[in-house]
Amino acid sequence: MTRTIDRENTKIAAAKKMRDIMTTYYLDALSAFQNNRQVAWITSGGPVEPLVAMDIIPVYPENHGAMIGSAKMGEELCSKAEEMGYCADLCAYARADIGCSVAKGGPIGGLPKPDMLICCNNICGTVLKWYEVQARYYGVPLFILDTPVCHTGFFPETAAYVKAQITEYIGFLETVTKRKLDMDRLNQVGHLSFEGQKLWQQVLRTTAHKPSPMSAFDAFFFLALIVTLRGTTTAVDFYRELLAEMNDRIAKGISVVPDEQYRLLWDNLPVWHRLKWLSKKFSDHKACLVADTYTSAWCGAIQYIDPDNFLDSIAQAYTRIYLNIGIDQMADQVLDMIRFYDVNGLVMHSNRSCKPYSFGQMDIMHIVHKKTGIPVLMLEADMVDPRSFSESQMDTRIDAFMEIILQRGTTLKG
Amino acid sequence: MIYAGIDIGSITAKAALIENNQLKATHMVFTGYNPAAAGRQVFDELLMQTGISANAVNKVVATGYGRASVDFAHKTLTEIICHGTGAHFLNPGVRGVIDVGGQDSKAILLDAHGHVQNFAMNDKCAAGTGRFLEVMAQALQIPLDQMGEISLGAENPVKISSICTVFAESEVISMIARQKDRRDIAAGIHRSAALRVASLAGKIHLAPPVVMTGGVAKNKGMVQALEDYLGYGIQVGTVPQENGAVGAAVLASGT
Ligand code: SF4
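All figures in this text were calculated on a predicted structure; none of them were measured in a lab.

### Side note on the overall build of chain A
Within chain A, the regular secondary structure consists of 17 helices and 8 strands. For 414 residues, the compact-globule formula gives about 22 Å, and the C-alpha radius of gyration of chain A, at 21 Å, lands near that figure. Over its C-alpha atoms, taken along the principal directions, chain A stretches across nearly 70 × 50 × 45 Å. Counting every atom, chain A has about 17,000 Å² of accessible surface; 54% of that belongs to carbon and sulfur. Considering chain A, the positive charge centre built from 42 side chains and the negative charge centre built from 47 side chains are found 3 Å apart.

So this is what it looks like as structure tokens:
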């Protein structure tokens, strides 16, 4: 009896509200045409604020890809793209999106047809070709924002180059919509975007508390708003509420993993199609994935944003994101997180789909190993395509990893 | 005090007994299609062989892919920790283990206490496993346990470029058709498998002294090919195949 009550207690109440918000968001997007509103497809790391300020509905094929993965429709839609001739090594988000456009299927019957595409290559190079393909398929204009990789730092040349493109971006939007961007409105949206990211960061940081009030699995879910509704009051209000709930859980000592003994850090995108299985697997070992490098990317460049000089500052903020920096800097961020969240181990998802994320993991693993000595586990899988997932292999690896942590803990104590 | 370890692999089931911190005996049977029965059988036969009654065994730890099916085990642990512990127990100075079994291969990095620091396993693929060698021996029509010996006489090892076992098999068949020397083909097969395994060792920066365990450790051709790629010598103990079971027994004594 007590057990059931405990389980009920661990549920996060804001989840229902979040689902409702996402449903409304997708309904709005799907009925945009009837309501005379325009839709822009945009990459997850793209500067969305000008779109919001111009009342264009941003839609994220990557978020949709995550939904496809969670709905376990990845194999079917990726196969569709493969049938069309796309290589199985292509990112599964791209394959699923391309497959879905043609099959008009997927968990919500496909995304609304775009009026324009906005592609920012701060996350990867895949999006360039992917968006070109879709721009051709839908016959709509495409804007490409090129953000050079900041291997060692951010230089004046890069700043000028990206800034010039931000100006072009605004020009592009004004041409497509035949409307002028209202700068006051943009500043308002900028403030809301900044505020939303700050709150998201605070939510994520609550997991530094022991035991953790939520896990990375929850963060994977709650992430959707800061991606899709960044720059809106909806996102700000929601995260304010979520933060309050987390603080309340901390005050009441409610942990998401019953009897949390071990704290782990996750690297790379989630394995969307196996979230439940993975969450249970770690939870059975009394291990909580307290943080991850993925969801924190949507507040990771916050220090570069100046809400009072928004447009100028986003050139830097959107260029210096986690996937667009050097391996050493990525490792530094991982090390910071290891210390901040006080974790016992690092779990790295070597994600067959995402090359920029998975490339360099081996180096980061060795750096972490050398500097902290904590065990690092490398899991080979794919965020959406279940054909790259082997349950029995995962099982043994996770068990072995937890045994290592346990053995280490005993030695450290003894 | 007596402790037992049972290791249920994909091809063979192994058992080991530890008495007063000494390895007393080991035994091995084929797993067949019923891992639970194989676990029982290998344990019973080992007890019979040593004249020890089941009641005298203080604790049993099961490991290997079929570990969950050993219903008389007090605890299950993964092969990784068991192989690490077994290797350290049998050879305390060792700092790395390369284990090549029937369906998987792994590299394990150990600290001075025999605790696992890191490990790497083959990914969803039979390349670099015992199964790969088995398929190739069949294609070459030579007994698996002779393939190692035969390959040692090679003069110009062939190059097998496919990673996939099925494609590698057709490559081998076409080489047979072209009447390539069997010894050269056998050596090429070992090199191909060894390269996969060596890359696992490289991933986690394995360094000597390294011991090789698992059934494939008995294959001299494979050991030599691995040494060539790694650039250092590797040791093979007297009971490489039972190493995981030994580790399980040692860990049983500590629980
Ligand atoms: S390759 Fe990675 S960053 Fe690029 S779209 Fe795919 S998942 Fe996103």
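Structure shown, so let's carry the discussion forward.
### Describing the sheet that holds strand β3 (residues 22-30) of chain B
Residue and element names in this part refer to chain B. Taken together, 5 strands build an open sheet; the order of strands is β3-β2-β1-β4-β5 and the sheet is mixed. Of all strands in the sheet, those bounded by a partner on one side alone are β3 and β5 (75-76). Direction of pairing for strand β1 (residues 2-8) relative to strand β4 (residues 57-63): parallel, over a ladder of 6 bridges. From the neighbouring strand, Y3 faces β4, where its bridge partner is K59. On top of the sheet, helix α2 (residues 79-90) reaches β1, β2 (12-19), β3 and β4; it is set at about 135° to β3, its chief contact.

### Concerning the sheet that holds strand β6 (residues 287-292) of chain A
Residue and element names in this part refer to chain A. Pairing within the open sheet is parallel, and its 4 strands lie in the order β6-β5-β7-β8. Edge strands, defined here as strands with exactly one partner in the open sheet, are β6 and β8 (376-381). The average angle at which neighbouring strand axes cross in this sheet is 30°, direction not considered. Taken strand by strand, helix α12 (residues 275-284) contacts β5 (262-267), β6 and β7 (345-351), and its axis lies near 125° from that of β6.

### Description of the side chain of R320 of chain A
Residues and elements named next belong to chain A. Here R320 is to be found in the loop between α13 (310-319) and α14 (327-341). Comment: no salt bridge for buried R320; closest opposite-charge side chain is D332, at 10 Å. A distance of 2.8 Å separates the side chain of R320 from the side chain of Q316, its partner in a polar contact. Setting aside chain neighbours within four positions, we find R320 in contact with C150, G153, F154, A301, Y304 and I325.

### Concerning the packing of aromatic side chains
For any pair of aromatic rings, the description consists of the separation of the ring centres together with the inter-plane angle of the planes. Residue and element names in this part refer to chain A. Counted according to the given criterion, the structure contains 19 aromatic pairs over all chains. Between Y137 and Y138 the ring centres are 4.9 Å apart and the planes differ by 90°, which places this aromatic pair in the edge-to-face class. Classification of Y138 as buried rests on a relative accessible area of 16%. With a centroid separation of 6.0 Å and 90° between ring planes, the pair formed by F217 and F220 is classed as edge-to-face. Taken as a pair, F217 and F220 lie in helix α10 (residues 216-228) at a separation of 3 residues, close to a single helical turn. Grouping residues by exposure puts F217 and F220 together as buried. These aromatic residues form a ring-pair network of at least three members: F217, F220, W266, W272, Y294 and W298.

### Section: the site of the ligand
Taken together, E62, C91, Y93, I123, C124, T126, V127, W130, S353, C354 and M383 of chain A are the residues near the ligand. Residue composition of the shell around the ligand, grouped by class: 8 nonpolar, 2 polar and 1 charged.

### As for the domain arrangement of chain B
All names here are of chain B. On domain assignment, one finds that chain B holds domain 1 (1-91 + 239-255) and domain 2 (93-236). Using C-alpha coordinates to define each centre, domain 1 is positioned 25 Å away from domain 2. Between domain 1 and domain 2, the contact holds 16 residues from the first and 26 residues from the second. Across the interface of domain 1 and domain 2, roughly 1,500 Å² is buried in total on both sides, 65% from carbon and sulfur atoms.

### Remarks on the interface of chain A and chain B
In this complex, chain A contributes 20 residues to the contact, which on the side of chain B involves 20 residues. Between chain A and chain B the total buried area reaches about 1,800 Å² when both faces are included, carbon and sulfur atoms providing 57% of it. The largest per-residue losses of area from chain A upon contact with chain B belong to E403, I404 and Q407 of chain A, which jointly make up 29% of the total buried on that side. For the salt bridge of R67 of chain B with D399 of chain A, the shortest nitrogen-to-oxygen distance reads 3.3 Å.

### Observations concerning the confidence of the model for chain B
Put simply, chain B has an average pLDDT of 92, and 99% of its residues get 70 or more. Confidence estimates for the predicted assembly give a pTM of 0.90 and an ipTM of 0.85.

### Notes on the environment of N21 of chain B
All names here are of chain B. Mapped onto the elements of the fold, N21 is located in the loop between β2 and β3. Of the residues examined, N21 reaches a relative accessible area of 56% and is grouped as exposed. Residues N21 and I2, 19 residues apart in the sequence, show an inter-C-alpha distance of 8.4 Å.

### Quick word on the nonpolar core
If you look at the biggest cluster of nonpolar residues, it comprises 210 residues, and the most contacted ones within it are Y93, I118 and W200 of chain A together with I189 of chain B. Looking at which element gives the most residues to this core, the answer is α10 of chain A, with 10 residues. Structurally, this core is a two-domain feature, drawing no fewer than three residues from each of domain 1 (1-91 + 239-255) and domain 2 (93-236) of chain B. If near-sequence neighbours (up to four positions away) are discounted, I118 of chain A is found in contact with A40, W41, I42, T43, L51, Y131, F143, Y169, F172 and L173 of chain A. Listed in part, the 21 residues of the second largest apolar core include A4, A62, V70 and A73 of chain B.

### Details of a nonpolar patch on the surface
Residues and elements named next belong to chain A. Taken together, the side chains of M84, V102 and Y137 present a nonpolar region at the surface, about 250 Å² in accessible area. Mapped onto the elements, M84 comes out in the loop between α5 (74-83) and α6 (92-103). Classification of M84 as partly exposed rests on a relative accessible area of 39%.

### Details of helix α16 (residues 361-372) of chain A
Residue and element names in this part refer to chain A. For α16, built from 12 residues, the straight-helix expectation of 16 Å at 1.5 Å per residue is met to within 8% by its first-to-last C-alpha distance of 16 Å. Q361, I364, M365, H366, V368 and H369 are the residues of α16 that are buried. Positive backbone phi, approximately 75°, marks G373, located one or two places after α16.

### Overview of helix α8 (residues 243-254) of chain B
All names here are of chain B. Across its 12 residues, α8 extends 17 Å between first and last C-alpha, which sits within 8% of the 16 Å expected from 1.5 Å per residue. Buried within α8 are the following residues: N243, G244, A245, V246, G247, A248, A249, V250, L251 and A252. Contact partners of the buried residues in α8: β1, β2, β3, β4, α2 and β9 (210-213).

### Notes on the pattern of salt bridges
Applying the stated criterion across every chain yields a total of 33 salt bridges over all chains. Shared partners join several salt bridges into a network, and the residues in it are K281, D395 and D399 of chain A together with R67 and E79 of chain B.

### So, unusual backbone geometry
Note: most peptide bonds trans; most residues except glycine with negative phi. The step from K210 of chain A to P211 of chain A runs through a cis peptide bond, and the omega angle for that step is -5°. Mapping P211 of chain A onto the fold places it in the loop between α9 (183-205) and α10. At the junction of P208 of chain B and P209 of chain B, the peptide bond is cis and its omega measures out at 0° in the coordinates. Secondary-structure assignment places P209 of chain B in the loop between α6 (182-203) and β9. The phi torsion at N268 of chain A lies on the positive side, around 90°, for a residue other than glycine. Look at K286 of chain A: it is not a glycine, yet its phi comes out positive at around 60°.

How each quantity is defined
Residues numbered from 1 in each chain as written. Chains lettered and ligands numbered in written order. Predicted model: local features only at pLDDT ≥ 70, side-chain atom pairs only at ≥ 80, totals over all residues. Heavy atoms only, no water. Helix = DSSP H or I, 4+ residues; strand = E, 2+ residues; numbered from the N terminus. Rg over C-alpha atoms; globule rule 2.2 N^0.38 Å. Areas by Shrake-Rupley, 256 points an atom, 1.4 Å probe, with all protein chains shown as cover. Lys, Arg positive; Asp, Glu negative; His and termini not counted. Charge placed at Lys NZ, Arg CZ, Asp CG, Glu CD. Pairing = 2+ DSSP bridges. Contact = heavy atoms within 4.5 Å. Axes fitted to C-alpha atoms, helices over the stretch in contact; angles between N-to-C directions. Buried < 20%, exposed > 50% of the residue type's maximum accessible area, 1.4 Å probe, protein only. Salt bridge = Lys/Arg side-chain N within 4 Å of Asp/Glu carboxyl O. Polar contact = N/O pair within 3.5 Å; in protein donor to acceptor, adjacent residues only side chain to side chain. Phe/Tyr/Trp six-rings, centres within 6.5 Å; stacked < 30°, edge-to-face > 60°. Near = heavy atom within 4 Å. Nonpolar A, V, L, I, M, F, W, Y, C, P; charged D, E, K, R; others polar. Domains from an automatic or database assignment. Buried area = accessible area lost by both parts, 1.4 Å probe. pLDDT = per-residue confidence, 0-100. Core = buried A, V, L, I, M, F, W, Y, C linked by side-chain atoms within 4.5 Å. Patch = residues over 30% accessible without salt bridge, like charges linked within 9 Å, V, L, I, M, F, W, Y side chains within 5 Å. Expected span 1.5 Å × (residues − 1).

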